[in-house]
Structures are given as structure tokens and as C-alpha cells.
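Read off the chains here:
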Amino acid sequence: MFEKVVFINRCAKVVKGGRRFSFSALVVVGDRHGSVGIGFGKAKEVPSAVEKAVKDAHKNLVRVPIRKGTLEHAVMGRFGAAKVRLMPAAPGTGIIAGATVRAVLELAGVRDVLTKSLGSANPVNLLRATLDGMQQVRPIKEVEALRGVKLT
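Keep in mind that what you see is a predicted model, and the values were worked out from it rather than measured. Sequence order as written defines residue numbering, which begins from 1 separately in each chain. Local features are withheld for residues below a pLDDT of 70 in this predicted model, meaning they are given only at 70 or higher, and side-chain atom pairs are given and counted only at 80 or more; totals for whole chains, interfaces and linings count all residues. The basis for every side-chain value is the complete set of non-hydrogen atoms in the structure, without hydrogens or water.

Centres within 6.5 Å make a pair out of two Phe, Tyr or Trp rings, where for Trp the six-membered ring is used; the pair is then stacked when the planes are under 30 degrees apart, edge-to-face when over 60, and tilted otherwise. If you walk through the whole model with that rule in mind, you get zero aromatic pairs. Only when the NZ atom of a Lys or the CZ atom of an Arg is both within 6 Å of the ring centre and within 35 degrees of the ring normal do we say a charge sits over the ring. Sitting over the face of the ring of phenylalanine 2, arginine 32 holds its NZ or CZ atom 4.1 Å from the ring centroid.

Quick look at the structure:
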């Protein structure tokens, strides 16, 4: 499993004698073969927060269908105010995406995809919207079976 730290947030609480800091970490884990998960962890130190986030991400792993290094069809993932449009691309295109969305796609094993994030730029919501979009993707065989027709 590969992991990537997407975002680390520092939060300050003002107490008598100064500020007390705590950290939150947003991490993506994946095997680069269709399995990916996101995790969020909070702690007094950064390494502890990252460790908790990795553990959380392993609990939230999902399988996503990938065909020839790209997605089967275009989808729009939504979470909160964040929207992410994911579109299949020709081989050699690469991952055209911002850092947050790119982390999920890379660790899922997608090699060629076009994306556009709309609405909120909040990293947590963008990650969840991307994951939502990827879970909407249906393999062509599944759609053929549902409709009872041959698609090509």
C-alpha cells in the first residue's frame, strides 16, 4: 500500500501562557490497482495525526473500476459544496488534475484522466467528491447485464 499526505492543518487554542497547537492530517492510501481510501486523523503532533489518518484510510478502502488506465465513462462526484468532474482520456494524456484530486487518482491506479473541480476548494470535500465520482463508474459488462443489451 502506498500513502500520500494531502493536507496538514494546524489549529491553535489560546490558553493562559500562550497557544496550544493541535494538528489534523488528511491522507490517501492506495495500491495503484483499483483500491483506494481516504483518512482523517487529529493529534497533538504531526506524526501521530498522520499515523491515525493512515489507519482511518485503511478502514475506508474501496474498489474502483479502471479500464486501460482510465475511467469507463465521465462522471460528476459530489460531496458538500464540492463537485469534481472526472472524464476518461486517451493513453499518454496523464492525470490532468489539482493536487488534491490527483492524489486519489494516482493511488487508485488511474493513468490518463481529465478532471475539473467546481465549487468548494476544501481538500476534505474535494477528496470525498472524487471518491464519490469514482464509485459511480460502472464497468461496461455490468451495464450490459443490467440493460440486457450489448454495448460497444
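Quick look at the sheet that holds strand S2 (residues 18–30) now. With antiparallel pairing, four strands are arranged side by side in an open sheet as S1-S2-S3-S4. Of all the strands in the sheet, the pair left with one neighbour each is strand S1 (2–15) and strand S4 (62–63). For two strands to be treated as a pair, DSSP must find no fewer than two bridges joining them. Secondary structure counts use DSSP, requiring at least four H or I residues in a row for a helix and at least two E residues in a row for a strand, with both numbered from the N terminus. Both strand S3 (residues 35–43) and S4 contribute to a ladder of two bridges, which runs antiparallel. Looking across to S4, one finds that valine 36 is bridged to valine 62. Contacts are assigned to residue pairs with any non-hydrogen atoms lying within 4.5 Å of each other. Only the stretch in contact is used when fitting a helix axis, every axis being a line fitted to C-alpha atoms; angles between N-to-C directions are given from 0 to 180 degrees. Of the strands in this sheet, S1, S2 and S3 are in contact with helix H1 (residues 46–59), which crosses S3 at around 145°. Contacting S1, S2, S3 and S4, helix H3 (residues 123–136) crosses the sheet at an angle of about 160° to S3.

So yeah, pure geometry; function would need other evidence.
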